[in-house]
Amino acid sequence: MSTSAPAQPTNAAPAAATPAVDHPSANGQVGLDGKFHCREPGCKSRVANNRHSISTHLTIKHNPNSLYGRKAAINPHVCGACRKSLHNFHTFLAHVRNTNPRRRGHNYKGPEADFWRQWIHKRTGGVIQVAQWYEDRRQ
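Reading the values: rules and limits
Residues numbered from 1 in each chain as written. Predicted model: local features only at pLDDT ≥ 70, side-chain atom pairs only at ≥ 80, totals over all residues. Heavy atoms only, no water. Pairing = 2+ DSSP bridges. Helix = DSSP H or I, 4+ residues; strand = E, 2+ residues; numbered from the N terminus. Core = buried A, V, L, I, M, F, W, Y, C linked by side-chain atoms within 4.5 Å. Buried < 20%, exposed > 50% of the residue type's maximum accessible area, 1.4 Å probe, protein only. Contact = heavy atoms within 4.5 Å. Phe/Tyr/Trp six-rings, centres within 6.5 Å; stacked < 30°, edge-to-face > 60°. Lys NZ or Arg CZ within 6 Å of the ring centre and 35° of its normal.

S.K.: How would you sum up the sheet that holds strand E4 (residues 77-79)? Please name residues and give values.
M.R.: Reading across the sheet, the three strands line up as E5-E4-E6 and stay open at both edges, with mixed pairing between neighbours. Every other strand in the sheet has two partners, leaving strand E5 (85-86) and strand E6 (127-128) as the edge strands with one partner each. Where E4 lies against E6, two bridges are found, and the strand directions are parallel. When the bridges of E6 are listed, Cys79 appears paired with Ile128.

Encoded structure:
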């Protein structure tokens, strides 16, 4: 009686196919981690491979004409409550909303619309009026 080794399967399981990018106009690929890897020049971002996440990334990081991009543009203005100069709208808003007294924040909790309206209508270096709101809160 001859004993032979058990037969080895000739067809191994095929490697899992790389999933498609879930966005019609994105420049990138899906990595082994399942995330979308952006391939725009200078960008190494990785985001969830779904249409919403990729669209958000493209708008925030690669579209300077988006509202987010316009608010992030370098355009210094001055806080009217403490005269601190802040280089873009996002840092200004973080400043007035900050509750840490060491960082000279103003604990603002309201909407940003009034500040944004002032920001876009004032020239670089303009003073954004926070003082009236700030004085009302201190009383």
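S.K.: Describe the nonpolar core, naming the residues involved and giving the relevant values.
M.R.: Side chains of nonpolar character tend, in soluble globular proteins, to be buried together. Core analysis: the largest hydrophobic core is formed by twelve residues, namely Cys79, Leu86, Phe89, Phe92, Leu93, Val96, Tyr108, Phe115, Trp116, Trp119, Ile128 and Val130. Going through the elements one at a time, helix H3 (89-97) and helix H4 (113-121) are the ones with two or more residues in this core. Considering every element that reaches this core, the biggest residue donor is H3, with four residues. Residue contacts for Leu86: discarding those within four places in its chain leaves Asn75, Pro76, His77, Cys79, Thr91, Phe92, His95 and Trp119.

S.K.: Tell me what's going on with the environment of Val127, and back it up with residues and numbers.
M.R.: Along the chain, Val127 turns up in strand E6. Looking at Val127, the relative accessible area reads 25%, which means it is partly exposed. Sequence separation between Val127 and His77 is 50 residues; the distance between their C-alpha atoms is 5.9 Å. Aside from chain neighbours lying at most four places away, what touches Val127 is Val78, Cys79, Gly80, Arg83, Gln118 and Lys122.

S.K.: Could you give an account of the packing of aromatic side chains, with specific residues and numbers?
M.R.: Within the structure shown, the criterion is met by six aromatic pairs. An angle of 75° between the planes, with centres 5.6 Å apart, marks the rings of Phe89 and Trp119 as edge-to-face. Placement of the pair is Phe89 in helix H3 and Trp119 in helix H4, with a sequence separation of 30 residues. The same class applies to Phe89 and to Trp119, which are both buried. Ring centres of Phe92 and Trp119 lie 5.7 Å apart, and the angle between their planes is 45°; this geometry places the pair in the tilted category. Note that Phe92 is positioned in helix H3 and Trp119 in helix H4, a separation of 27 residues in sequence. Its relative accessible area of 0% is what places Phe92 among the buried residues. Chaining the aromatic ring pairs together yields one cluster made of Phe89, Phe92, Tyr108, Phe115, Trp116 and Trp119. The ring of Trp116 carries Lys71 above its face, with NZ or CZ at 5.1 Å from the centroid.

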